[in-house]
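Tertiary structure, described
Here are the chains, one letter per residue:
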Amino acid sequence: MRIASSHGRLVVSRGGGWIDVEKASGGRFAHDPQAVYDCWDEFLAWAADGLDSSETVDLDGTSFDSPVPRPRQIMAIGLNYREHARESQMAEPEYPVVFTKFPSSLTGHGSTVTLPSDGIDWEVELVVVIGKGGHRILPEKAWDHVAGLTVGQDLSWREVQGRGPAPQFAIAKSYPGFSPVGPMVVTPDELAEKDDLAISCSLNGEVLQDGRTSDLIFPVPELIAYLSEALTLCPGDLIFTGTPSGVGNGRNPKRFLVPGDLVSTVEGVGDLTVHLVN
Ligand code: ZN
């Protein structure tokens, strides 16, 4: 199943057309896309037999906004692909490198993002959306806590990130529009090989990153187990799982984003486009 938001209304699709959830459920589920994660199991049970006879709505691909507009928490992981750790001239981490992206930086598919300097870097990422929350989730149970997967960019101002004796990830990656996600959330059952997906991004048609999620040092179940050992994960939380190699900061000479279309893709999950402007 695919879950999206169109003009702030929750819509779902199981391969056919898109269905407006509030209308199709007779008001049992709210139109607010964020609210559905708080009753995820109930929603899945309804969707399993409530969709087929429902009236579809006409959507073109450009009318999606963020499918997870107000998560309580956004967690992100640094240096989680081997080749990216190498290009960053860092050792492979022994434990996941955890930071936060503040929720005010979220935006959706098709949005316009203003580049606040000429030193902004790209990082395509697979993003996990939590369904059922929890504390101390075991790795073997972790996928049961995932509502779905979406595509994200962890836009990063490298100069800000490097200020100070310790990395300033949280603020350097939380400027307005620095956390685009979307265009939709895809439930794990739609993906035959959910631990091995092609992941890439391109700027104005030029491929910048091209990897596979099977290269993750800490895959999704291990991240959920590690994070939830400390935190209580909440329904609708987001986890940015890290970026493959090919970022601009790791190049010689360094390269950063210029205005244009940044398209980020995860196989079977979707293509997320943002329009970059000065
Ligand atoms: Zn990142």
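Residues numbered from 1 in each chain as written. Predicted model: local features only at pLDDT ≥ 70, side-chain atom pairs only at ≥ 80, totals over all residues. Heavy atoms only, no water.

Topic: the overall build of the protein chain
Counting its secondary structure elements, the protein chain contains 6 helices and 18 strands. Along the first, second and third principal axes, the C-alpha set of the protein chain runs to 55 × 40 × 30 Å. Counting only residues that meet the buried cut, the protein chain has 55% of its 278 residues in that class. Relative to all contacts within the protein chain whose residues are 6 or more apart in sequence, the contacts with residues 24 or more apart total 75%. (Helix = DSSP H or I, 4+ residues; strand = E, 2+ residues; numbered from the N terminus. Buried < 20%, exposed > 50% of the residue type's maximum accessible area, 1.4 Å probe, protein only. Contact = heavy atoms within 4.5 Å.)

Re the coordination of the zinc ion
Coordination of the zinc ion by the protein involves Glu123 (OE), Glu125 (OE) and Asp154 (OD), with metal-donor separations of 1.9 to 2.1 Å. Between the donor residues of the zinc ion, the gaps in sequence give the motif E-x1-E-x28-D. Taken together, the positions of Glu123 in the loop between β9 (120-121) and β10 (124-130) and Asp154 in the loop between β11 (146-153) and β12 (156-157) put the pair 31 residues apart, joining distant regions of the chain. Asp154 carries the same exposure label as Glu123, and that label is buried. (Donors = N, O, S within 2.8 Å, 3.2 Å for Na, K, Ca; no water.)

Description of the nonpolar core
Residues Leu149, Ile224 and Leu257 are the most contacted members of the largest nonpolar core, which totals 50 residues. Among the elements of the structure, β5 (74-78), β10, β11, β13 (179-186), β14 (198-203), α6 (220-230), β17 (260-266) and β18 (270-277) are those that each provide at least two residues to this core. Residue contacts for Ile224: discarding those within four places in its chain leaves Val128, Ile130, Ile137, Ala142, Val146, Leu233 and Ile239. Counting residues in hydrophobic clusters, the runner-up holds 27 residues, among them Trp40, Ala47, Val185 and Leu238. (Core = buried A, V, L, I, M, F, W, Y, C linked by side-chain atoms within 4.5 Å.)

Remarks on the domain arrangement of the protein chain
Partitioning the protein chain into domains gives domain 1 (2-65) and domain 2 (74-277). Relative to domain 2, the C-alpha centre of domain 1 lies at a distance of 25 Å. Across the contact surface, domain 1 and domain 2 share 1 salt bridge. Salt-bridge contacts for Arg2 lead to Glu190; the nearest nitrogen and oxygen are separated by 3.4 Å. If you look at where domain 1 meets domain 2, you find 3 residue pairs in polar contact (both at pLDDT 80 or more). Counting residues per element, the ones that place at least two in the side of domain 1 that touches domain 2 are β1 (2-6), α2 (40-50) and β4 (64-65). Ranked by residue count, the leading element in the side of domain 1 that touches domain 2 is β1, at 3 residues. Within the side of domain 1 that touches domain 2, the residues separate by chemical class into 6 nonpolar, 2 polar and 4 charged. (Domains from an automatic or database assignment. Salt bridge = Lys/Arg side-chain N within 4 Å of Asp/Glu carboxyl O. Polar contact = N/O pair within 3.5 Å; in protein donor to acceptor, adjacent residues only side chain to side chain. Nonpolar A, V, L, I, M, F, W, Y, C, P; charged D, E, K, R; others polar.)

Comments concerning the sheet that holds strand β8 (residues 112-114)
Within the open sheet, the 5 strands sit side by side as β8-β18-β17-β14-β15. Their pairing is mixed. The open sheet is flanked by β8 and β15 (206-212), the only strands paired with a single partner. Within the sheet, the average angular offset between the axes of one strand and its neighbour, ignoring direction, is 20°. Examined bridge by bridge, β14 and β17 share 5 bridges and lie antiparallel to one another. Note that in β17 the partner of Ser202 across the bridge is Val263. (Pairing = 2+ DSSP bridges. Axes fitted to C-alpha atoms, helices over the stretch in contact; angles between N-to-C directions.)

Quick look at the pairing of β17
Summarising the sheet, β17 and β18 pair through 7 bridges and their orientation is antiparallel. When the sheet's bridge partners are listed, Thr265 is paired in β18 with Asp271. In this antiparallel pair of consecutive strands, β17 and β18, the connection spans 3 residues, and Gly268 shows a positive phi of 80°.

Description of the pattern of salt bridges
All told, the structure shown has 17 salt bridges when counted by the stated rule. Between Asp121 and Arg158 there is a salt bridge, with its nearest N and O atoms 2.8 Å apart. Taken together, the positions of Asp121 in strand β9 and Arg158 in helix α4 (residues 158-161) put the pair 37 residues apart, joining distant regions of the chain. Exposure class is identical for Asp121 and Arg158. Each is buried. Two residues, Lys173 and Asp154, come together in a salt bridge whose shortest N-O distance is 2.8 Å. Taken together, the positions of Lys173 in the loop between α5 (169-172) and β13 and Asp154 in the loop between β11 and β12 put the pair 19 residues apart, joining distant regions of the chain. Summarising the burial analysis for this pair, Lys173 and Asp154 share the class buried. Here the salt bridges do not stand alone but share partners, grouping Lys101, Asp121, Glu123, Asp154, Arg158 and Lys173 into one network.

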